[in-house]
Amino acid sequence: MTADNEIEIKEAFQRAQKGHNNKAKLVASLNSRYNKLEDKTLFHEEFVHYLKYAMIVYKREPTVENVMEFVARFATSFQPPPKTEDDGARPEAEKEEEEEEEDDAEDDHPFLSFLFNFLLESHKASSHAVRFRVCQLINKLLGSMAENAQIDDDLFDLIHQAMLVRATDKFPNVRIQAALAMTRLQQPKDPDCPTINAYMLILENDTNAEVRRAVLSCIAMSPRTLPKVLKRTRDIKENVRKLAYQVLAEKVHIKALTIAQRVVLLQQGLHDTSEAVREVVCSRLLPAWMLRLDGNFTELLHRLDVENCAQTALDTLQAIFRGTPTEELLQNRAQLDNRKLVPVDSLSCENVLYWRALCEFIKGKGDDGDEMLEQVLPDAATYADYLYGYLKAVPLLSEEQRADFNQLELVMTKEFISQQLIRLIGCLDTNEEGSRKRVLAVLQEMLALPQTPSSLVSLLTEKLLTLLPDDHRRIQTVAEIISDVRDPIMEASKPVDQNMSRRQQVQLAEVKVRILEAKQTLEDCIAAQDFSRAGELKDSIAELENHRNQILQEVTESSQPSDKEIRAEKSDPETLLRCLIMCAELLKQMSIKTRIGPTISALMSSLVLPSIANAHPAVRNMAVVCLGTCTLHSKELAKTHMVLLLQVMSYTRVLATSKVKYLLDKRKHAAEGLAKLMYTGRISSAKMLSRLVLLWYNPVTEDDTRLRHCLGVFFQLYALSLCIRVHQEVVEEGFLPTVRTLMNAPATSPLAEVDINNVVELLVELTRPSALIKPSANTEVCVHDYLAVRMCGEMLQDPTAPEVRLYAKTLSNLELSRGETCRFIVGALLRPCEVTRALVCTGQRKVGTAKGGRKPSRRAESSERSARRRPFLEIQTIFDCVIFHTCSAPPPFDHSDGENVPESLAVVRPSRRAKIAALEKTKLDLNTLINQEANVS
């Protein structure tokens, strides 16, 4: 570098402001000048002097950012370049020389040490701009240093302490840069690392989302930090959740997570309210997991525990399939044989679930997926025989066998596989009559078999009903199956008379004894040559044997079964439960317009109603479900059994003391159901909306994250996204009842702890016209206009009520319309004031002209007049506030703590020419300040 290429410090700072200048040349030129100086003190002071001009600018101006980048590159240019892969092939002598030079360079970098010391002395400045630039420059300096760079231990501690202090700065941008600056100061292996402790504290407690994002981007993964990062996937801000999933995809191996953590990540990520978060899970997290598992779907499912989280596993596979080409899907088929079936010996929970997910995904493509489906699924008849063979092999355990955990686990696995195989029926092509009949026959036979597990009855019935075309045939088919299960055909046997049987056995024994005695006497007579006596005994023995044969025939006839067949009713709990499950599934699948016929009535009288009084809880509960579902089809039936249902409810209420927690896991389902009914327009109730708002704010539901998440999403969709006028009016009508409930809540109620200002702010924001995604065409009068009328009416009724202050504050936050309609509303509000004032004046005249009355003093008149005027002054103030807001909309509510933190907003992208023109108008030029200071000096 010649002397002609060397530049002054001032010129270097002036040229560094322009982005098109080559900073590498500037750094090299200034570095050459610095190295030639013997006394570098003046250089240090002059360099810092010009640096201060940039450090006092808080706004992220391009010129200032260029200067900070230049300073960082120049300061770190004194360090040796990082080693390359070719260094291993170089001679040892050259390596030793370079190591000595590196040691000298590391020990002797006065400029870098001077700059660090200057920044550390300035980090406590009162100006937040200086604190911001100090942290930013330290971050750039540390980030620009080589990976193998080393700094002095004392300097390391000073930087560490300073950045820990700045991590708690008042301004979020300062905290962001401080957090980024501490990236290379982490020590993950140290259990007491101050940086990591600070990071975890920021993730838990910092109110600014951008600060949390900054920490997420630089925190080192360890067993201590992983739970904190996982918790950020449930952050309130979309950008934080999105970045948390990105960090987990890039830095965390799937094996480092537990099964529960993997399942929760997928459950929340795939169903997140933000499309951007769902996209990150599908495009970043799942591909990263599959890459680390070598693309093995079975291994992925094995790490998700599909038996307990089948739906999550299905959602995961569907998300992966959507991003996979069709050819790869067919190549990654399950272990199918030439029949397009998974061999029974090879069936597992993972491969059968993958088979089902693949078939359902291809089936969802419609006509485009028919040819592909034929490659992964056989015809309906072949599959029906395959299903029948597997289901018959599922064992039915006795009570003693259920005590063996290994046998129980094996049966549960087989039942899970059976469920997936049954669900695959929905992917079969059953348009051909013969195949459909075969599938129906298999389903009917499996439902009638007593060894079919109860856990499969509901699913078998559901698939059976989907193959039947009309409700009449469905009812007849299910009724026949229930009859076969509960009243099976058995061979009739004669009743055995125990007394007669005993007499026959005694007679048979006596005859046998007499035969033995006669034969013994016969032998004695033959030995004594008494042949006449022997002939008589021989005839007697023949008679006894005939008698014996007759008795044996009678015994045999009494024990032989009858040729007749009879039906024997079974009333054990297992049989009743199977029948009730089939009945309940039938009633659910029936059209709501289908009337209750004789067959259903017979099932109600013979099966459902008697089972309500059954001692077995499962049978009793399912009977109640059947009765309640059946009443939906018949108003008369509901009236008939209303008393019975009320009795069941009262009995349940008696048992509720031991099931309070269970009934509260039911509360969120009820709230979710009501929210869905209101969202779809089936229910339009301001009272119901008020109850949901109070439930959302109730401290009792603080730990129920699913309930609060569901209601939080519902309020936004219901009031803002749909932009239906009726929904806005429902929120308006529910405003005052909600406020009254909170104001009148007793001290012992949990609602007394609710901040009513937050509730009112929510209702105001839900009805704000500017917040609507698709504003209504009728913008002349908005809901806030009528909300103002309601609040003013409440204030007119009792100006001394405690809620008047709340209403007056809320009026200032309303966004009123600016048309003639709002002026008409204000005029209508002023009329009651004039009427009231007229009545008061009339009352004053009456008091003054009353006969026999004593004339009051002037002081008394003045005080009475002031007392009567005070409400009118307050009301007039309210009206002035309303009239003021008809001319100007309220400013947006600012939640930031003193500065503008950029948020991700959907804005229209300006043209390139417009951006250049705007940049020229607003960009800052430090040369003006530098030249002005030079002229003054």
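Residues numbered from 1 in each chain as written. Predicted model: local features only at pLDDT ≥ 70, side-chain atom pairs only at ≥ 80, totals over all residues. Heavy atoms only, no water.

Is there a simple way to explain the overall build of the protein chain in this structure?
In terms of regular secondary structure, the protein chain is built from 45 helices and two strands. Within the protein chain, counting contacts between residues at least 6 apart in sequence, those at least 24 apart form 73% of the total. Accessible surface, the protein chain as shown: approximately 52900 Å² in total, 52% of it carbon and sulfur. (Helix = DSSP H or I, 4+ residues; strand = E, 2+ residues; numbered from the N terminus. Contact = heavy atoms within 4.5 Å. Areas by Shrake-Rupley, 256 points an atom, 1.4 Å probe, with all protein chains shown as cover.)

It is not clear to me how a negative patch on the surface should be interpreted in this structure. Could you clarify?
Together, Asp-367, Asp-368, Asp-370, Glu-371, Glu-374, Asp-379, Asp-429 and Glu-432 make up a region of like negative charge exposed at the surface. Among the structural elements, Asp-379 can be located in the loop between helix H20 (370–376) and helix H21 (380–392). (Patch = residues over 30% accessible without salt bridge, like charges linked within 9 Å, V, L, I, M, F, W, Y side chains within 5 Å. Salt bridge = Lys/Arg side-chain N within 4 Å of Asp/Glu carboxyl O. Lys, Arg positive; Asp, Glu negative; His and termini not counted. Charge placed at Lys NZ, Arg CZ, Asp CG, Glu CD.)

Even after reading the chapter, I still don't get the nonpolar core, so can you show me in this structure?
Within soluble globular proteins, side chains that are nonpolar generally end up buried alongside one another. Formed by 186 residues in total, the largest nonpolar core has its most connected members in Ile-138, Trp-355, Tyr-383 and Leu-421. Those residues in contact with Ile-138, other than ones at most four positions away along the chain, are Phe-116, Leu-119, Leu-120, Ile-159, Met-163 and Ala-181. In terms of nonpolar packing, the next biggest core, distinct from the first, is built from 45 residues, Val-693, Leu-742, Ala-745 and Val-804 among them. (Core = buried A, V, L, I, M, F, W, Y, C linked by side-chain atoms within 4.5 Å. Buried < 20%, exposed > 50% of the residue type's maximum accessible area, 1.4 Å probe, protein only.)

Sorry, what's going on with a nonpolar patch on the surface here?
Residues Met-642, Leu-646 and Met-649 make up a contiguous nonpolar surface patch of roughly 290 Å² in combined accessible area. For Leu-646, the location among the structural elements is in helix H33 (residues 642–654). The exposure class of Leu-646 is partly exposed, given its relative accessible area of 47%.

Is there a simple way to explain the packing of aromatic side chains in this structure?
Two descriptors summarise a pair of aromatic rings, namely the distance from one centre to the other and the angle between the planes of the rings. All told, the structure shown has 29 aromatic pairs when counted by the stated rule. Seen from their ring centres, Phe-74 and Phe-111 are 5.0 Å apart, and the 75 degrees between their planes marks the pair as edge-to-face. Of this pair, Phe-74 sits in helix H4 (residues 62–75) while Phe-111 sits in helix H6 (residues 110–122), placing them 37 residues apart in sequence. The buried category is assigned to Phe-74, whose relative accessible area is 0%. Ring geometry for Phe-714 and Phe-715: centres 5.6 Å apart, planes at 50 degrees, overall tilted. Comparing Phe-714 with Phe-715, the two get one shared label, buried. Every member of this aromatic cluster is reached through a ring pair, and the members are Phe-13, Tyr-34, Phe-43, Phe-47, Tyr-50, Tyr-53, Phe-70, Phe-74, Phe-78 and Phe-111. (Phe/Tyr/Trp six-rings, centres within 6.5 Å; stacked < 30°, edge-to-face > 60°.)

Explain helix H9 (residues 172–181) here, please?
The α-helix advances 3.6 residues per turn, and as a result positions three or four apart in sequence lie on the same side. With nine of ten residues buried, H9 is to be regarded as a mostly interior element. Restricting attention to buried positions, one finds in H9 the residues Pro-172, Asn-173, Val-174, Arg-175, Ile-176, Gln-177, Ala-178, Ala-179 and Ala-181. Those residues of H9 that are buried are in contact with helix H7 (128–144), helix H8 (153–166), helix H10 (194–205) and helix H11 (209–218).

What's the story with the pattern of salt bridges in this structure? I'm lost.
Two side chains carrying opposite charge are able to pair once their charged atoms lie near each other. Taken as a whole and assessed by the stated rule, the structure comprises 30 salt bridges. Between Glu-65 and Arg-133 there is a salt bridge, with the nearest N and O atoms lying 2.8 Å from each other. One end of the pair, Glu-65, is in helix H4; the other, Arg-133, is in helix H7, and 68 residues separate them in sequence. Of the residues examined, Glu-65 reaches a relative accessible area of 16% and is grouped as buried. The exposure class of Arg-133 is buried, given its relative accessible area of 0%.

Teacher, can you tell me more about the state of the cysteines here?
Covalent bonding between the sulfur atoms of two cysteines is what defines a disulfide. Within this structure, the stated rule accounts for zero disulfides. No disulfide involves Cys-630; its nearest neighbouring cysteine sulfur is the one of Cys-583, lying 7.2 Å away. Under the relative-accessibility criterion, Cys-630 is labelled buried at 0%. (Disulfide = S-S within 2.5 Å.)

Sorry, what's going on with unusual backbone geometry here?
Most peptide bonds take the trans form, and the phi angle of most residues other than glycine is negative. Even without glycine at this site, Asp-305 takes up a positive phi of about 55 degrees. On the secondary structure map, Asp-305 appears in the loop between helix H16 (297–302) and helix H17 (310–322). Judged by its relative accessible area of 26%, Asp-305 is partly exposed. Non-glycine residue Gln-529 carries a positive phi angle of around 60 degrees.

Honestly, the environment of Leu-763 in this entry has me stumped. Any pointers?
Tracing the chain through its elements places Leu-763 in helix H39 (residues 756–766). Once residues within four sequence positions are removed from consideration, Leu-763 is found in contact with Val-693, Val-731, Phe-735 and Thr-738.

Is there a simple way to explain the confidence of the model for the protein chain in this structure?
Should the pLDDT be low somewhere, the predicted coordinates at that spot are not to be read in detail. Summing up the model confidence of the protein chain, the mean pLDDT is 80 and the portion of residues at 70 or higher is 79%. Predicted confidence is poor over residues 653–664, with pLDDT under 50, and the contacts of this stretch with residues over four places away or in other chains come to one contact. pLDDT under 50 marks residues 833–908. Its contacts with residues more than four places away, or in other chains, come to 53 contacts. (pLDDT = per-residue confidence, 0-100.)

Looking at this model, I keep getting lost on helix H36 (residues 705–721). Mind explaining?
With 17 residues, H36 should reach 24 Å at 1.5 Å per residue; the first-to-last C-alpha distance of 23 Å fits that figure. Listing the buried residues of H36 in full gives Leu-707, Leu-711, Gly-712, Phe-714, Phe-715, Tyr-718, Ala-719 and Leu-720. (Expected span 1.5 Å × (residues − 1).)

What's the story with the packing of helix H24 (residues 433–448) against helix H25 (residues 457–466) in this structure? I'm lost.
The relative placement of two packed helices comes down to the angle between their axes together with the axis-to-axis distance. Contact geometry of H24 with H25 gives a least axis separation of 10 Å together with a crossing angle of 150 degrees. Between H24 and H25, the crossing angle belongs to the class labelled roughly antiparallel. Note on packing geometry: the crossing formed by H24 with H25 is left-handed. Counting all contacts with H24, which are made through Leu-440, Leu-443, Gln-444, Met-446 and Leu-447, the residues of H25 involved are Val-457, Leu-460, Thr-461, Lys-463 and Leu-464. (Axes fitted to C-alpha atoms, helices over the stretch in contact; angles between N-to-C directions. Parallel < 35°, antiparallel > 145°, perpendicular 65-115°, else oblique. Left-handed = near helix turned anticlockwise from the far one by under 90°.)

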